[in-house]
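The primary structure of each chain is shown beneath.
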Amino acid sequence: MRDFFAGMGFVIAGIVTIITAQQFPTLPSLQYGPSLFPSLIGGGFCLGGAVLAFNALWLRKKAVVQEVHDNPALADPPSKKTNWAMLLPPISIVFYILASEYLGAMLTIMVILFLLMLLRKTSPYIALATSVAVSSAIYFIFSRYLLVPLPQGVLLGGSLPWIS
Amino acid sequence: MDILMNGVGLVLNFETILVILAASLFGIFVGAVPGLTATMAVALLVPLTFYMDTIPAIAAIVTTSAMAIFAGDIPGTYLNIPGTPASAAYVGESYALAKKGRAREALGINLVCSVFGGIFGTIVLIVVAQSLAEVALQFSAFEYFWLAVLGLSCSIFISVGSRTKAFLSLLFGILLSTVGLDMMSGAPRFTFGVPDLMAGINFIPVMIGMFALNELMSYYGSKSEKKQITIVDNDSVFHHVPGYIKRYWRNMVRGSSIGTLIGALPGAGADIAAWISYGVGKGRSKESAKYGTGNIEGIVDASSANNSGISGAWVPALVFGIPGDSITAIVIGVLYMKGMNPGPTIFMDGSGLIYALFMVFILANLMMLPIGYMAIRLSKFFILTPSRVLMPIILCFCIVGAFAINNSVVDIWLMLIVGFVAYVLAVNDFPMAPAILGLVLGSVVENNFMSAMLRTGGDLTSFFARPISAGLGIAVILLWCSPLLIKAYRYQQHKSGRAY
């Protein structure tokens, strides 16, 4: 049934794309305006999503019929359990965006590294040493050599020794 | 001659050689650590290449991808877990050999076949690309439109699994390519009032999200793996290689040819090349019953193919600007960022750039022999690198890398959103390669369509008015109709079979 919901998701995304595309301003001299390609993509989403959803329904119906003919395994395939730990990387990224202006990029990266390693049962000493070394190295390479203005943070007074 | 010397000068300098060496080590490391893929390695590398000159930047990507594809065989041999999808076809063979105490022997022949495949593909690239480029010079917007549509269509028809899912994945990529100001009218599309999106979606955060963040989420979503090596490997790496080459040289040539050909098709990468070559090898072998039990022949077929596929993918990328796989799609994005237009003019610009590129290919493949040998000897070190320490570090590189391109937090959000969508699609078995081709080729299709229509006053039949354009158009239509034609043919065969 996951395919059914994925298909319906695409149908909805297709409708939203088409509606949004209709609002794009166009020039009367152009035969094909800026909404042409987005509308075609939206139409493709609706078509492909509908095929996916109907196919999933059809397969399910077929599996139920087969169940009657002594093959119960096909009727309800075991669904994969969602492991919410997969949200750890996105949460860490949101944390970086929100905290780096205050803590500075180096400290924020250090906190992310340390916590993620601890959550995967790394020894606290190794996690601490690696976090300090890696966050300093990343900050040093990107700020000093590549001249990327990583946030220095209000907490550290706005300047670190190797940034001029 | 001067152009050739210019090209040699672009490669044989301290910076480029150092970059090739560093990229080799990086590629070997990423390929050998289970869970990290060649495409992920390249996506992580791109923010750094942004700060390099063109040749070192491309050298870094070429070397990393070639090394990572070979190194993917190391965890496959020791743990039965392919390091990259391109090693999946023959992982059973190499693991079976490893269990018999022949791990290094399997990896030795693997390495030599990878080098052979890579150089074979490069020679084909050198020979074919120049003459194809001369043809490509005649192309106008009509031909480029059809060529890009053909590339996008191939990515659907060649992808493994559901075609509907590949089609939707492709549309997702094309939709991303429409974000920004419209080329003709200047109207903002899907920018949601964010000024950073006016110039279009930045390619690099999308890459990082699609290939690195997606993999990281898969890792954290899976149960913690405990890597334990039970394989004993005291055998020699190269001792048996000359004998195998003498016996299986035909397989090496056939595998490399298949790999180059498959690699050159848009959307079909090294993984599909390896599967097809393995299948063909098994079908034609006198010892096909031995396949799956630790047969060197299977390894020869597929490992020649996956590395030649990497080189083959560069043919359409360099000649037409149409990427052959996800890695060349990334490179095309890098070339655009550096203000270069991949296409036939790259062969005629007189700067020697193309010779420098060919040389980088050969150097990267030759470098694989000593570095690959070292990697085989140090296999256990790579495999036992703890992912629980490595993955958070990669995450931090993703964040900083996405930010570094424009020094903008919007790019981090973009990486996050695309990575999340890519993860949801990937767990539902949607392939990612069509999406990335859609992102790169979407604007090529739209811009060429619009400029062709502007030229002909909206006359759609003009797409069939020029001979090459009409030929390409018919090829696209035939490709779209091929499932129906195949079904009709089978039905006819079935019907005539019953009649007799």
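Residues numbered from 1 in each chain as written. Chains lettered and ligands numbered in written order. Predicted model: local features only at pLDDT ≥ 70, side-chain atom pairs only at ≥ 80, totals over all residues. Heavy atoms only, no water.

- The name an unreviewed UniProt entry gives chain B is Tripartite tricarboxylate transporter permease, with Halomonas alkaliantarctica as the organism.

- In the nomenclature of an unreviewed UniProt entry, chain A is known as Tripartite tricarboxylate transporter TctB family protein of Halomonas alkaliantarctica.

## Some words on the overall build of chain A
Stage number 1. Along chain A, the regular secondary structure elements total 6 helices and 0 strands.
Stage number 2. Secondary structure elements of chain A, listed N to C terminal, follow the sequence α-α-α-α-α-α.
Stage number 3. Expressed as a percentage of its 164 residues, the buried residues of chain A come to 38%.
Stage number 4. Sequence separation of at least 24 residues holds for 52% of the intrachain contacts in chain A that already meet a minimum separation of 6.
Stage number 5. Of the accessible surface of chain A, which amounts to about 9,600 Å², a share of 71% is contributed by carbon and sulfur atoms. (Helix = DSSP H or I, 4+ residues; strand = E, 2+ residues; numbered from the N terminus. Buried < 20%, exposed > 50% of the residue type's maximum accessible area, 1.4 Å probe, protein only. Contact = heavy atoms within 4.5 Å. Areas by Shrake-Rupley, 256 points an atom, 1.4 Å probe, with all protein chains shown as cover.)

## Let's talk about the packing of aromatic side chains
Residue and element names in this part refer to chain B.
Stage number 1. The tally for this structure, following the rule as stated, stands at 21 aromatic pairs over all chains.
Stage number 2. Taken together, a centroid distance of 5.5 Å and an interplanar angle of 20 degrees make the contact between F238 and Y373 stacked. Of the two residues, F238 is situated in the loop between helix 10 (203-221) and helix 11 (241-264) and Y373 in helix 16 (residues 353-377); the sequence distance between them amounts to 135 residues.
Stage number 3. For F238, a relative accessible area of 31% gives the class partly exposed.
Stage number 4. Judged by relative accessible area, Y373 falls into the partly exposed class, the value being 33%.
Stage number 5. Judged by centre distance (6.4 Å) and plane angle (20 degrees), the ring pair of Y244 and Y248 falls under stacked. (Phe/Tyr/Trp six-rings, centres within 6.5 Å; stacked < 30°, edge-to-face > 60°.)

## Comments concerning the packing of helix 2 (residues 14-32) of chain B against helix 16 of chain B
All names here are of chain B.
Stage number 1. Running from N to C, helix 2 and helix 16 point in directions that differ by 50 degrees, and their axes come no closer than 10 Å. When the axes of helix 2 and helix 16 are compared, the pair comes out oblique. Every pair of crossing elements has a handedness; the one defined by helix 2 and helix 16 is right-handed. Of the residues in helix 16, those touching helix 2 at I17, I20, L21, S24, L25 and I28 are L363, M367, I371, G372 and A375.
Stage number 2. Partitioned by chemical class, the residues of the contact of helix 2 with helix 16 number 9 nonpolar, 2 polar and no charged. (Axes fitted to C-alpha atoms, helices over the stretch in contact; angles between N-to-C directions. Parallel < 35°, antiparallel > 145°, perpendicular 65-115°, else oblique. Left-handed = near helix turned anticlockwise from the far one by under 90°. Nonpolar A, V, L, I, M, F, W, Y, C, P; charged D, E, K, R; others polar.)

## Description of the interface of chain B and chain A
Stage number 1. At the interface, 59 residues of chain B touch 53 residues of chain A.
Stage number 2. For the pair chain B and chain A, the summed buried surface comes to about 5,100 Å²; carbon and sulfur atoms form 81% of the total.
Stage number 3. Between K165 of chain B and D3 of chain A there is a salt bridge, and its shortest N-O distance comes to 2.9 Å.
Stage number 4. Viewed at the interface, chain A and chain B are joined by 7 residue pairs in polar contact (both at pLDDT 80 or more).
Stage number 5. Of all the secondary-structure elements, those providing two or more residues to the side of chain B that touches chain A are helix 9 (163-177), strand 2 (188-189), helix 10, helix 18 (387-406), helix 19 (409-427) and helix 20 (433-456) of chain B.
Stage number 6. Ranked by the residues each element gives to the side of chain B that touches chain A, the list is headed by helix 18 of chain B, at 11 residues.
Stage number 7. When grouped by side-chain class, the residues that make up the side of chain B that touches chain A number 43 nonpolar, 10 polar and 6 charged. (Buried area = accessible area lost by both parts, 1.4 Å probe. Salt bridge = Lys/Arg side-chain N within 4 Å of Asp/Glu carboxyl O. Polar contact = N/O pair within 3.5 Å; in protein donor to acceptor, adjacent residues only side chain to side chain.)

## Quick look at unusual backbone geometry
Residues and elements named next belong to chain B.
Stage number 1. The phi dihedral of F190 is positive, around 50 degrees, even though this residue is not glycine.
Stage number 2. By the element assignment, F190 lies in the loop between strand 2 and helix 10.
Stage number 3. Backbone geometry places D429, a non-glycine residue, at a positive phi of 65 degrees.
Stage number 4. Here D429 lies in the loop between helix 19 and helix 20.
Stage number 5. Among the residues examined, D429 registers a relative accessible area of 52% and is labelled exposed.

## Some details on the nonpolar core
Side chains of nonpolar character tend, in soluble globular proteins, to be buried together.
Stage number 1. Grouped together as the largest cluster of nonpolar side chains are 182 residues, with contacts concentrated most on I93 and L150 of chain A together with M210, F347 and I394 of chain B.
Stage number 2. Counting residues per element, this core draws most heavily on helix 18 of chain B, which supplies 14 residues.
Stage number 3. Among residues more than four places away in sequence, those in contact with I93 of chain A are L213, L395, I399, I412, M415 and L416 of chain B. (Core = buried A, V, L, I, M, F, W, Y, C linked by side-chain atoms within 4.5 Å.)

## Looking at the UniProt feature "transmembrane region" (unreviewed entry) in chain A
All names here are of chain A.
Stage number 1. Cross-referencing UniProt, the feature "transmembrane region" (unreviewed entry) maps to residues 37-59, 93-119 and 125-142 in the present numbering.
Stage number 2. Secondary structure across residues 37-59 comprises 100% helix and 0% strand; the distance between its end C-alpha atoms is 32 Å.
Stage number 3. Annotated as residues 125-142, this span is 100% helix and 0% strand, and its ends, taken at the C-alpha atoms, are 26 Å apart. (UniProt positions renumbered as here; feature names shortened; annotations may be inferred.)

## Some details on the side chain of S379 of chain B
Residue and element names in this part refer to chain B.
Stage number 1. Summarising the element assignment, S379 is placed in helix 17 (residues 379-383).
Stage number 2. S379 sits in the buried class, given a relative accessible area of 1%.
Stage number 3. Residues within four places of S379 in sequence aside, it is in contact with I74, Y78 and L107.

## What to know about a nonpolar patch on the surface
Residues and elements named next belong to chain B.
Stage number 1. Judged by side-chain polarity, I123, I126, V127, V128, I362 and L366 come together as a nonpolar surface patch covering roughly 450 Å² of accessible area.
Stage number 2. For the nonpolar patch, the element with the highest residue contribution is helix 7 (residues 103-136), accounting for 4 residues.
Stage number 3. The topology assignment puts I123 in helix 7.
Stage number 4. Since its relative accessible area comes to 45%, I123 is described here as partly exposed. (Patch = residues over 30% accessible without salt bridge, like charges linked within 9 Å, V, L, I, M, F, W, Y side chains within 5 Å.)

## Let's talk about the confidence of the model for chain B
Stage number 1. Confidence in the prediction for chain B averages 84 pLDDT; 94% of positions are at 70 or higher.
Stage number 2. This prediction of the complex comes with two scores: 0.81 for pTM and 0.87 for ipTM. (pLDDT = per-residue confidence, 0-100.)

## Structural notes on the environment of G200 of chain B
Residue and element names in this part refer to chain B.
Stage number 1. Mapped onto the secondary structure, G200 falls in the loop between strand 2 and helix 10.
Stage number 2. Once the C-alpha coordinates of G200 and L176 are considered, the two residues, 24 residues apart in sequence, prove to be 8.4 Å apart.
Stage number 3. Non-local contacts of G200, meaning those with residues more than four positions away in its chain, are made with V179 and G180.

## As for the pattern of salt bridges
Residue and element names in this part refer to chain B.
Stage number 1. Throughout the structure, instances matching the rule amount to 6 salt bridges over all chains.
Stage number 2. In this structure, D301 engages R254 in a salt bridge whose closest nitrogen and oxygen atoms are separated by 3.3 Å. Of this pair, D301 sits in helix 13 (residues 296-312) while R254 sits in helix 11, placing them 47 residues apart in sequence.
Stage number 3. Because the salt bridges share partners, they merge into one network encompassing D182, R189 and E446.

## Description of the state of the cysteines
Stage number 1. For the coordinates displayed, the defined rule picks out 0 disulfides over all chains.
Stage number 2. Of the cysteine sulfurs around C396 of chain B, a residue in no disulfide, the closest is that of C398 of chain B, at 8.8 Å. (Disulfide = S-S within 2.5 Å.)

## What to know about the side chain of S462 of chain B
All names here are of chain B.
Stage number 1. Following the sequence through the fold, S462 ends up in the loop between helix 20 and helix 21 (467-499).
Stage number 2. A polar atom in the side chain of S462 sits 2.6 Å from the backbone oxygen of D459.
Stage number 3. In this structure S462 touches F142, M453 and T456, once residues within four positions along its chain are discounted.

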